[in-house]
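Now for the letters of each chain:
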2 protein chains.
Amino acid sequence: MTRIAIDAMGGDFAPKVTIEGAVWAAIDYNVPIELVGKEDVIKEELEKIQKKGLKVKAGFHSKRIKVDFSTLDIKITNANEVIEMGEAPGQAIRKKRNSSIVLAVNAVAADSSQAVVAAGSTGAAMASSLFGLGRLPGIERPAIAVTLPTMKKPFIMLDAGANSSCTPEMLYQFAIMGSVFAKNVYGRENPKIGILNIGEEAGKGNDLVQTTYKMLEENKDGLNFIGNVESKEIFYGNCDILICDGFSGNVVLKTIEGCSSMLFKMISQEFKHDLISIIIGLLAKPFMKKMYTRINYEEYGGALLLGVKGITIISHGRSSAYAIKNAIRVAKEAIETDVLKKIAAVYE
Amino acid sequence: MTRIAIDAMGGDFAPKVTIEGAVWAAIDYNVPIELVGKEDVIKEELEKIQKKGLKVKAGFHSKRIKVDFSTLDIKITNANEVIEMGEAPGQAIRKKRNSSIVLAVNAVAADSSQAVVAAGSTGAAMASSLFGLGRLPGIERPAIAVTLPTMKKPFIMLDAGANSSCTPEMLYQFAIMGSVFAKNVYGRENPKIGILNIGEEAGKGNDLVQTTYKMLEENKDGLNFIGNVESKEIFYGNCDILICDGFSGNVVLKTIEGCSSMLFKMISQEFKHDLISIIIGLLAKPFMKKMYTRINYEEYGGALLLGVKGITIISHGRSSAYAIKNAIRVAKEAIETDVLKKIAAVYE
């Protein structure tokens, strides 16, 4: 039986929202949960849910449901400390050995849970995973593999921010890990790998991408390399895996976040000028909502930290309960498809 | 009297659209123009405009106007060769000394024009500007300074793609050039300078941004450094200048382009499901258009290649006549505000 550990204290709206998301996942996916954090706080939140019911809110739809805890398998592991967002990750995980993220990762290391979901400090989640779980054989550094929506099917971008500086060898390993992930979790056959670059031609970009290009062209591991992909092209869904250093990947991720949020705000501003614009805005709203749902990152819930010996799902700091629920789904899929063992098999 | 040279053969829709934009600018801004390209082709296009009138299309508004060429000062300089998009820039400008971009830059070097607008190969425009005009004293490498819209006022990002790899010294110079530009061309007082980074804290990011951070903190040149800015924050308009290496900058630029184009396509798809959605879509269209105009890059026309001894404006390859017209406006403003002399003054 697989169980999924959640850092109940991690995230901008924790512990309330994190715990709600975990309870929701326990109901929807029938998955045992391990809530790691301050026991009294967690119990209090669970009691609130028992009394008032659980607010389930997906995108623009919202309702309150009654929860029968007797049918759910939710375990609490007490953790007295919390690593805050501003703390230096390396120091913090050494100093706060009883923090919720460290103990949540330890639960995976000790196999009491089989995956961990973390919406707190990304640095702390990474550091505790590296320290607590270790790296997969053959992998220098883990990468954050994030799923992004496009006009067609979503694709996986890695690294989305784990490593500010990368070597070509690391990018090559990201290609291998991404390929295994796309095949096994998303069922993509012979998944297409692109390098994020500022031009399509082979000679474009900095030394890192040029050298990586050459390595992938030699194509020793049967990877399906399709060449360079510009960031304006990624939204057409022509590649399954986009590899990049963590600085560029994080820039892409946050540009998408900022740009789409700006556009939605601008649209709603245009629909607020006068009575007619307000009425038309109300008529158009359901269509805008449908579109919003198509690109809503909450649907993808969390990004897998690929390359450590255990499943760590990193969620957005601003995760809603819905996003946490979906992150737990991603964790469950990663467990069921045995993706880590398949990555390790490449290097055997 | 200032004149502006245009590479008439550069751009995906050249020479037609480039020449239309130039004629439009000559009318709107009363500015003398030097069209550089194949003389017979240019003459043919001008004759067409004389016969049929000029189609002026800004965003979604379009009309045809009669042009009285006797009131316009348009000079033609013949150039037999054209540098194509795929060619290696360095080689191409040496081999094709009579290409339209090389001769357009030469016109600036010889002071027959005071600025050049180029919508063809960015690499060729850069290489010919570096070779033909030389660098400003104190500047290692020129940067592409692009203007980007936000919820509030637009900001300048540099480098948007001229240099795939940068040193901290180069980024520091970009800060100086950007600051002079923002002050003089956009009238920003004490313009705020941010570093594009993947976190706000001082220790975030790769070596390049960390070292640049320290250099800017010392603040030797009275620069108004406000720290790191994440790419999701840039759309709030909190900084006037965002500095970054050309790889990251180009990634930001093209992610915005791709992301907004995807969102507009998705919206129009939602308004095509059935009769009701089509009707509501038609009602909502004027509001979407207004919003589109707010973020339309064509309004900004072109990016200044800052750091060479002459004014080179680089326009998008897919520039419309309206974008070319606006690029010529940007060129005119750069001439009138004497921005290059003011940058040079910093290093005297």
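Residues numbered from 1 in each chain as written. Chains lettered and ligands numbered in written order. Predicted model: local features only at pLDDT ≥ 70, side-chain atom pairs only at ≥ 80, totals over all residues. Heavy atoms only, no water.

Caption draft 1: A look at the overall build of chain A. Scanning chain A from N- to C-terminus turns up 11 helices and 13 strands. Computed over the C-alpha atoms, the radius of gyration of chain A is 21 Å, within 12% of the 20 Å expected from 2.2 N^0.38 for a compact globule of 348 residues. For chain A, with 348 residues in total, the buried portion stands at 58%. Looking at chain A alone, contacts between residues at least 24 apart form 72% of all its contacts between residues at least 6 apart. About 14,200 Å² of surface is accessible on chain A, with carbon and sulfur atoms providing 51% of the total. Counting 42 positive and 39 negative side-chain charges, chain A places the averaged centre of each group 5 Å from the other. (Helix = DSSP H or I, 4+ residues; strand = E, 2+ residues; numbered from the N terminus. Rg over C-alpha atoms; globule rule 2.2 N^0.38 Å. Buried < 20%, exposed > 50% of the residue type's maximum accessible area, 1.4 Å probe, protein only. Contact = heavy atoms within 4.5 Å. Areas by Shrake-Rupley, 256 points an atom, 1.4 Å probe, with all protein chains shown as cover. Lys, Arg positive; Asp, Glu negative; His and termini not counted. Charge placed at Lys NZ, Arg CZ, Asp CG, Glu CD.)

Caption draft 2: Examining the pairing of strand β6 (residues 115-118) of chain B more closely. All names here are of chain B. Neither face of β6 is open: one carries A115 and V117, the other V116 and A118, and all of them are buried. As paired strands, strand β1 (residues 4-7) and β6 are joined by three bridges and run parallel to one another. Of the residues in β6, the one forming a bridge with I6 is V117. Two strands pair when backbone bridges link them, and β6 and strand β13 (residues 311-314) are joined in this way by four bridges, in the parallel orientation. By the bridge assignment for β13, A118 is matched with I314. (Pairing = 2+ DSSP bridges.)

Caption draft 3: Inspection of the relation of the copies chain B and chain A at higher detail. Overlaying chain B with chain A gives an RMSD of 0.0 Å, the required rotation being 180° about an axis along which the chain moves by 0.0 Å. Overall, the copies show the geometry of a two-fold rotation axis. (Least-squares fit on C-alpha atoms with pLDDT ≥ 70 in both.)

Caption draft 4: A look at a nonpolar patch on the surface. On the surface, A:L275, A:I279, A:L283, B:L275, B:I279 and B:L283 cluster together to form a nonpolar patch covering roughly 580 Å² of accessible area. Taken together, the elements giving at least two residues each to the nonpolar patch come down to α9 (275-295) of chain A together with α9 (275-295) of chain B. When you line up the elements, B:I279 lands in helix α9. B:I279 gets classed as partly exposed once you look at its relative accessible area, which sits at 44%. (Patch = residues over 30% accessible without salt bridge, like charges linked within 9 Å, V, L, I, M, F, W, Y side chains within 5 Å. Salt bridge = Lys/Arg side-chain N within 4 Å of Asp/Glu carboxyl O.)

Caption draft 5: Just a positive patch on the surface, in detail. A cluster of basic residues, A:K51, A:K52, A:K55, A:K57 and A:R64, forms a positive patch at the surface. The set of elements that each furnish at least two residues to the positive patch consists of α2 (39-52) and β3 (54-58) of chain A.

Caption draft 6: Highlighting the environment of B:N30. All names here are of chain B. On the secondary structure map, N30 appears in the loop between α1 (16-29) and β2 (33-37). You can call N30 exposed: its relative accessible area is 65%. Sequence separation of N30 and D73 is 43 residues, and the distance between their C-alpha atoms is 8.5 Å.

Caption draft 7: Region of the structure containing the side chain of A:R3. All names here are of chain A. Within the fold, R3 resides in the segment before β1 (4-7). Among the polar contacts made by the side chain of R3, one reaches the main-chain carbonyl oxygen of I33 at a distance of 3.0 Å. Side chain to side chain, R3 and D73 meet in a polar contact 3.0 Å long. The contacts of R3, once residues within four sequence positions are left out, are P32, I33, E34, D73, K75, S112, S113, Q114 and A115. (Polar contact = N/O pair within 3.5 Å; in protein donor to acceptor, adjacent residues only side chain to side chain.)

Caption draft 8: Structural context of the domain arrangement of chain A. Residues and elements named next belong to chain A. Here the domain parsing of chain A yields domain 1 (1-139 + 300-348) and domain 2 (143-270). Across the contact, 19 residues belong to domain 1 and 18 residues belong to domain 2. In total, about 1,700 Å² of surface goes out of reach between domain 1 and domain 2, with carbon and sulfur atoms giving 72% of it. Considering only the surface of domain 1 that becomes buried against domain 2, Y300, L304 and L306 emerge as the three largest contributors, covering 31% of it. Here domain 1 and domain 2 share zero salt bridges between them. Across the domain 1-domain 2 interface, the total number found is five residue pairs in polar contact (both at pLDDT 80 or more). (Domains from an automatic or database assignment. Buried area = accessible area lost by both parts, 1.4 Å probe.)

Caption draft 9: Main features of the interface of chain B and chain A. Tallying the contact residues gives 50 residues for chain B and 49 residues for chain A. Regarding the contact of chain B and chain A, the summed buried area is about 5,000 Å², with carbon and sulfur atoms giving 73% of it. By the criterion of area lost to chain A, the three top residues of chain B are B:I198, B:F247 and B:F287, representing 14% of everything that side buries. For the interface between chain B and chain A, the tally reads two salt bridges. Put simply, chain B and chain A have 12 residue pairs in polar contact (both at pLDDT 80 or more) between them. With 21 residues, the top contributor of residues to the side of chain B that touches chain A is helix α8 (residues 246-270) of chain B. Per-class residue counts for the side of chain B that touches chain A are 24 nonpolar, 17 polar and nine charged. (Nonpolar A, V, L, I, M, F, W, Y, C, P; charged D, E, K, R; others polar.)

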